[in-house]
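Chains, contacts and geometry: an overview
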Amino acid sequence: MGETGPRYIVLLGPPGVGKGTQAERLTERLSLPHVASGDLFRQNLKAETALGLQAKTYMDRGALVPDDITIAMVVDRLAQPDCAAGALLDGFPRTVAQAQALEDALAQQGHALETVLYIDAPADVLLARLGGRWTCRQCGAVYHLLFSPPRVAGRCDECGGELYQRADDTPETHRRRIAVYQEQTAPLVDWYKTRDLLTEIDGTLDIDGMTAALVATVEA
Ligand code: AP5
């Protein structure tokens, strides 16, 4: 827990900018759980829950899962005991309704967001990153064919699991997800700016450079 209570930090940015990659590193550094809405949906899908199967119909076409389902899932996750000291939120909120629900849920507990780390990069950079991504089926670790290759092709360095390409990692879905981001999520930049919560991070930096910039911000 921080000096003034739990720390809630949001990673905001377009698909493929590196939120998940950085979240893995930051959560270790900050000793906070990584709460990623996309991962929660994929875990539900793997377990074949009704929620997972419902979410899949939206995810596969690059659309957002409806707010009511998403908000309930994340608020429930934040109520788990391991989030007592706060959380690093990745991929949530993604709409103004989600941001408002998060603000309200935290306020009900007497808490507030500490900061929103906004990572941005041009579409060509995002498409190059998304196009080369391979993910571990077992532990979810993320690799890139060129920028962060595994030591052994097709195998996870961490757990030896099989690497696969996500169902929504197709060129058509990438473009759709970036368009959906511009339409529905980008308005959150101004929303958080007006609350004086936004810190901008250069998303064109390499993986280590971006970690250094993020750490400098959260440890300042
Ligand atoms: P989600 O899983 O959240 O996907 P996303 O936000 O689109 O983000 P990604 O996981 O695609 O990218 P990332 O920024 O984490 O990048 P990564 O680190 O992997 O959401 C999937 C779907 O779930 C959504 O489309 C929606 O349907 C649904 N959903 C989720 N949350 C929702 C919500 N709140 N509301 C409604 N629906 C929701 O990196 C990408 C690649 O680049 C990797 O290969 C990596 O190795 C490489 N890389 C990373 N950083 C760098 C770097 N600095 N330099 C070079 N390569 C890099």
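Above this text sits the structure in question.
Residues numbered from 1 in each chain as written. Predicted model: local features only at pLDDT ≥ 70, side-chain atom pairs only at ≥ 80, totals over all residues. Heavy atoms only, no water.

The next subject is the nonpolar core. Judged by nonpolar contacts, the single largest core of 32 residues is most densely connected at Leu-78, Leu-102, Leu-113 and Tyr-192. Only β1 (7–12), α2 (37–46), α3 (50–59), α4 (67–78), β3 (86–90), α5 (96–108), β4 (115–120) and α8 (187–194) provide two or more residues apiece to this core. Residue contributions to this core peak at five residues, all from α4. With residues up to four places along the chain from it excluded, the contact list for Leu-78 reads Tyr-8, Val-35, Cys-83, Ala-87, Leu-89 and Leu-102. With 18 residues, the next largest nonpolar core counts Leu-11, Ala-23, Leu-30 and Met-210 among its residues. (Core = buried A, V, L, I, M, F, W, Y, C linked by side-chain atoms within 4.5 Å. Buried < 20%, exposed > 50% of the residue type's maximum accessible area, 1.4 Å probe, protein only. Helix = DSSP H or I, 4+ residues; strand = E, 2+ residues; numbered from the N terminus. Contact = heavy atoms within 4.5 Å.)

All right, on to the layout of surface pockets then. One number sums up the size of the second largest pocket: a volume of about 250 Å³. Those elements that provide at least two residues to the lining of the second largest pocket are α4 and α5. With three residues, the top contributor of residues to the lining of the second largest pocket is α5. Class assignment of the residues belonging to the lining of the second largest pocket gives a composition of nine nonpolar, four polar and no charged. (1 Å grid on protein atoms, 1.4 Å probe; cavity = no way out; pocket = protein on both sides within 12 Å on 5 of 7 lines; lining within 4 Å. Points joined across faces, edges and corners; volume = space filled by probe spheres on them. Nonpolar A, V, L, I, M, F, W, Y, C, P; charged D, E, K, R; others polar.)

Once that is clear, we can look at the environment of Arg-151. As for its position among the elements, Arg-151 is in the loop between β6 (142–144) and β7 (163–164). Arg-151 gets classed as exposed once you look at its relative accessible area, which sits at 69%. Considering only alpha carbons, one finds Arg-151 and Ala-79, 72 residues apart in sequence, at a separation of 37 Å.

On to the site of the ligand. Near the ligand you find 35 residues, and of these Thr-21, Ala-63, Arg-94, Arg-133 and Arg-177 are the closest. Contact between the ligand and Val-65: a nitrogen atom at 3.0 Å from a main-chain N or O atom of the residue. Between an oxygen atom of the ligand and a side-chain N or O atom of Arg-94, the distance comes to 2.6 Å. Contributions of two or more residues to the shell around the ligand are made by α1 (19–30), α2, α6 (123–131), β6 and α9 (207–218). Counting residues per element, the shell around the ligand draws most heavily on α2, which supplies four residues. (Near = heavy atom within 4 Å. Polar contact = N/O pair within 3.5 Å; in protein donor to acceptor, adjacent residues only side chain to side chain.)

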